[in-house]
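Coordinate inspection notes
Residues per chain, in single letters:
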Amino acid sequence: MQPDYAITAKDLTKRFGDFTAVDKISFEVSRGEIFGFLGANGAGKTTAMRMLCGLSLPSAGTATVAGFDVYRDNERIKKRIGYMSQKFSLYEDLTVKENIRFYGGIYGRSDLFIKEQTGYLLQHLRLEKEGNTLVRALPLGWKQKLAFSVAIFHEPDIVFLDEPTGGVDPVTRREFWNMIYEASAKGITVFVTTHYLDEAEYCNRVSIMVDGKIEALDSPSALKQQFSAASMDGVFLQLARKAKRTEG
Amino acid sequence: MRTLKFLLQKEFRQIFRDPAILRLIFIMPVIQLIVLPLAADYEMKNINLAVTDHDHSAYSRELVNKIKASGYFKLVTYNEAYKQSLTAIENDQADLILEIPVHFEKDLVKEDAAKVFVSINAINGTKAGLGGAYLQTILRDYNQAVREKWIQFPRIKLLPTIDITYANWFNPHMNYKYFMVPGILVLLLTMIGANLTAINIVREKEIGTIEQINVTPIRKHHFILGKLIPFWILGLVILTLGFGVARIVYGIIPAGSFVTIYVFAAVYLLAVLGLGLLVSTYAATQQQAMLVSFFIMMIFILMGGLYTSIDSMPEWAKWITRFNPVSYFIDVMRMVVLKGSGLTDISRQLGIIALFAVVLNTWAILSYRKRS
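If you're wondering where the values come from, they're calculated on a predicted model, not measured in any experiment.

With that settled, consider the overall build of chain A. Across its full length, chain A carries nine helices and 10 strands. In terms of overall dimensions, chain A is globule-like: its C-alpha atoms have a radius of gyration of 18 Å, near the 18 Å expected for 248 residues. Counting only C-alpha atoms and orienting by the principal axes, one finds that chain A spans roughly 50 × 40 × 35 Å. Each of the 248 residues in chain A was classed as buried or not, and the buried ones make up 54%. Within chain A, contacts between residues separated by at least 24 positions form 69% of all contacts whose residues are at least 6 apart in sequence.

Turning to the domain arrangement of chain B, a few remarks are in order. As assigned here, chain B comprises domain 1 (2–40 + 176–367) and domain 2 (47–150). One C-alpha centre belongs to domain 1 of chain B, the other to domain 2 of chain B; they are set 48 Å apart.

All names here are of chain A. Here the structure, examined in full by the defined rule, presents four cavities of 30 Å³ or more. If you list the elements that add at least two residues to the lining of the largest cavity, you get β6 (81–84) and α5 (140–151). If you tally residues by element for the lining of the largest cavity, the top one is α5, at three residues. For the lining of the largest cavity, a count of residues per class yields eight nonpolar, three polar and no charged.

Here we take up the sheet that holds strand β2 (residues 73–79) of chain B. All names here are of chain B. Taken together, four strands build an open sheet; the order of strands is β2-β1-β3-β4 and the sheet is mixed. Each having just a single partner strand, β2 and β4 (117–120) make up the two edges of the open sheet. Here the average twist between neighbouring strands, direction ignored, is 20 degrees. Alignment of strand β1 (residues 47–53) against strand β3 (residues 96–100), held across five bridges, turns out to be parallel. For aspartate 53, the partnering residue across the bridge sits in β3 and is isoleucine 100. Those strands touched by helix α3 (residues 58–69) are β1, β2 and β3, and its axis lies near 155 degrees from that of β2. Packing of helix α4 (residues 82–90) onto the sheet brings it into contact with β1, β2, β3 and β4, and relative to β3 it is tilted by some 175 degrees.

On to the interface of chain A and chain B. Taken together, the 38 residues of chain A in the interface contact 28 residues of chain B. A buried area of about 2,900 Å², summed over both sides, lies between chain A and chain B, and 51% of it is on carbon and sulfur atoms. When the buried area of chain A at its contact with chain B is split by residue, A:Leu55, A:Tyr91 and A:Ile106 rank highest and sum to 21% of it. At the junction of chain A with chain B, the criterion picks out seven salt bridges. For B:Glu211, the salt bridge identified is with A:Arg50, shortest N-O distance 2.3 Å. Linking chain A to chain B there are 15 residue pairs in polar contact (both at pLDDT 80 or more). Counting only elements with at least two residues in the side of chain A that touches chain B, the list comes to α2 (74–80), β6, α3 (96–106) and α4 (111–124) of chain A. If one sorts the elements of the side of chain A that touches chain B by residue count, α3(A) sits on top with six residues.

This part covers the packing of aromatic side chains. Tallied over the full model, the rule gives 24 aromatic pairs over all chains. Between A:Phe35 and A:Phe191, the ring centres sit 5.6 Å apart and the planes meet at 25 degrees, which makes this aromatic pair stacked. You can see A:Phe35 sitting in strand β3 (residues 34–39) and its partner A:Phe191 sitting in strand β8 (residues 189–194), a full 156 residues away along the chain. Exposure class is identical for A:Phe35 and A:Phe191. Each is buried. Centroid distance B:Phe264 to B:Tyr268: 6.3 Å. Interplanar angle 20 degrees. Geometry classified as stacked. Placement of the pair is B:Phe264 and B:Tyr268 together in helix α10 (residues 258–282), with a separation of four residues, close to one helical turn. Note on B:Phe264: relative accessible area 0%, which makes it buried. Taken together, the aromatic side chains of A:Phe27, A:Phe35, A:Phe37, A:Phe160 and A:Phe191 make up a single cluster linked through ring pairs. Taking the ring centre of A:Phe88 as reference, the NZ or CZ of A:Lys143 above it sits at 5.5 Å.

Conventions adopted
Residues numbered from 1 in each chain as written. Chains lettered and ligands numbered in written order. Predicted model: local features only at pLDDT ≥ 70, side-chain atom pairs only at ≥ 80, totals over all residues. Heavy atoms only, no water. Helix = DSSP H or I, 4+ residues; strand = E, 2+ residues; numbered from the N terminus. Rg over C-alpha atoms; globule rule 2.2 N^0.38 Å. Buried < 20%, exposed > 50% of the residue type's maximum accessible area, 1.4 Å probe, protein only. Contact = heavy atoms within 4.5 Å. Domains from an automatic or database assignment. 1 Å grid on protein atoms, 1.4 Å probe; cavity = no way out; pocket = protein on both sides within 12 Å on 5 of 7 lines; lining within 4 Å. Points joined across faces, edges and corners; volume = space filled by probe spheres on them. Nonpolar A, V, L, I, M, F, W, Y, C, P; charged D, E, K, R; others polar. Pairing = 2+ DSSP bridges. Axes fitted to C-alpha atoms, helices over the stretch in contact; angles between N-to-C directions. Buried area = accessible area lost by both parts, 1.4 Å probe. Salt bridge = Lys/Arg side-chain N within 4 Å of Asp/Glu carboxyl O. Polar contact = N/O pair within 3.5 Å; in protein donor to acceptor, adjacent residues only side chain to side chain. Phe/Tyr/Trp six-rings, centres within 6.5 Å; stacked < 30°, edge-to-face > 60°. Lys NZ or Arg CZ within 6 Å of the ring centre and 35° of its normal.

See the structure below:
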């Protein structure tokens with residue numbers, strides 16, 4: 001039984017007291033898709049993503065991830081997803097190999113799997129020599145690439161990336177997106193938030209959130225046509241100007 | 001179970017990789033155990049005494065010599081004007097004034113009664129109170145000695161006096177170190193246990209790694225066990241280290257069995273670590289966690305029966321100490337170390353501490369949420 005959609009959301013809402021961070025958003029993400037989740041700071045992207053990952057309980061609405069309900073089966077969802085948060089979340093006081101081993105282990109991968117895949121991964125990232133280096137000592141770009149690799153190490157169906165390329169140089173960003181394409185080619189659905197509008201062009205489909213609502217959702221080319229803009233920048237600016245919420 | 005293995009591996013690696021934590025765990029307790037019992041002395045020495053002697057007789061000098069010889073007092077000034085002594089008190093040089101009046105010798109010999117005046121600087125209450133009491137004892141002894149010398153046969157019948165002789169059971173020489181050292185060891189274990197667990201988890205919250213953990217299918221109780229077990233083991237190591245210091249430095253060997261102590265300590269640590277976990281689930285930052293555990297520790301320590309006797313507390317305060325795990329362990333430590341009590345003797349305390357452990361850890365597991 002394969003679900004048609006990797007993610008579905010219907011009127012998904014999150015309120016913190018009087019404040020509605022996410023206001024009735026609805027969308028579907030197909031399997032294998034690279035889905036871009038855009039929005040200004042404080043638009044509600046991270047909150048929406050946290051609800052889908054089972055880190056935050058929705059106030060209203062429904063959503064499924066990998067075919068499971070976010071209310072009832074959130075622990076089951078967790079087996080099928082990878083997550084890379086805005087904050088860097090590998091253990092800086094563990095080595096590269098120890099981090100991979102730890103996360104592989106708690107997702108229940110076998111020792112053999114961990115050993116083989118670690119070798120392959122380090123080779124792929126050209127980090128063979130740094131296997132026993134503390135993560136603390138790695139440059140930021142490498143850390144981010146490593147964090148992404150760890151997030152998909154247990155071969156999840158869907159990976160959630162929360163501003164994965166923040167603060168990273170253009171070359172590394174490019175490499176990072178190559179990795180996203182590789183993951184997508186393996187059939188992993190990618191759900192990614194970003195600030196960089198050039199990155200939005202790399203996505204199959206893009207949604208733009210303004211003040212907790214999804215204001216636009218389509219492929220980048222269709223959006224540009226719809227808003228008669230030359231680039232995603234133009235589209236974003238037209239929508240973001242409507243925002244009433246200040247940053248925060 | 002496999003998850004737990006990976007969690008433990010990670011925790012131990014992190015602990016042993018952090019030199020600051022290692023220092024905190026091993027060197028601090030040793031130093032504190034060596035320094036604190038020597039400093040935290042119940043006996044009052046070096047009480048500064050000012051003497052105003054208006055009499056200048058052989059008897060008055062003998063009295064002053066006797067006081068000096070007791071070893072508790074330090075004579076800061078010996079003068080003829082009370083004003084001078086008062087200045088010494090005002091300048092905080094003296095704690096006590098002893099004023100010997102004119103005709104002290106004469107009155108003592110002829111009238112069979114003499115008066116002296118003791119004035120106490122009560123700013124440092126303990127010192128003044130104890131100093132006053134010591135001085136009274138010395139004066140009484142002196143009085144007795146003088147009377148015996150002069151009254152060859154009683155002209156009047158001497159008042160019958162009751163002499164009290166003491167037998168200090170279980171600690172015959174009243175060596176306060178025998179109850180201070182095990183007590184301080186309990187405090188150290190409590191502080192290190194509760195603080196380390198609280199800080200450890202809150203640190204993961206601050207760095208953001210806890211979110212990465214929460215998004216994995218890890219089970220709550222596995223995660224908590226993964227945090228508890230390493231610190232539980234460390235706690236027992238510290239206890240062992242502490243008894244090593246107690247034996248080498250102070251020659252303290254428990255009268256009872258180590259098995260009794262370790263059984264109790266094992267359960268006690270679970271309770272204390274549970275408290276640390278509980279603090280960590282409510283605190284968002286390391287500062288918050290530190291402040292909360294500091295607050296709790298102050299109460300635990302001051303109402304634990306080590307520095308102040310629980311028996312002499314008011315009824316409501318005694319009631320509070322019943323919720324203080326420290327008081328039970330200090331009790332047990334003294335029973336086992338001094339009296340040689342066994343498991344059956346401490347079963348009541350053991351039961352209560354086990355209850356603490358269950359309640360605190362259940363509470364911690366319930367309030368730890370993977371999803372907000």
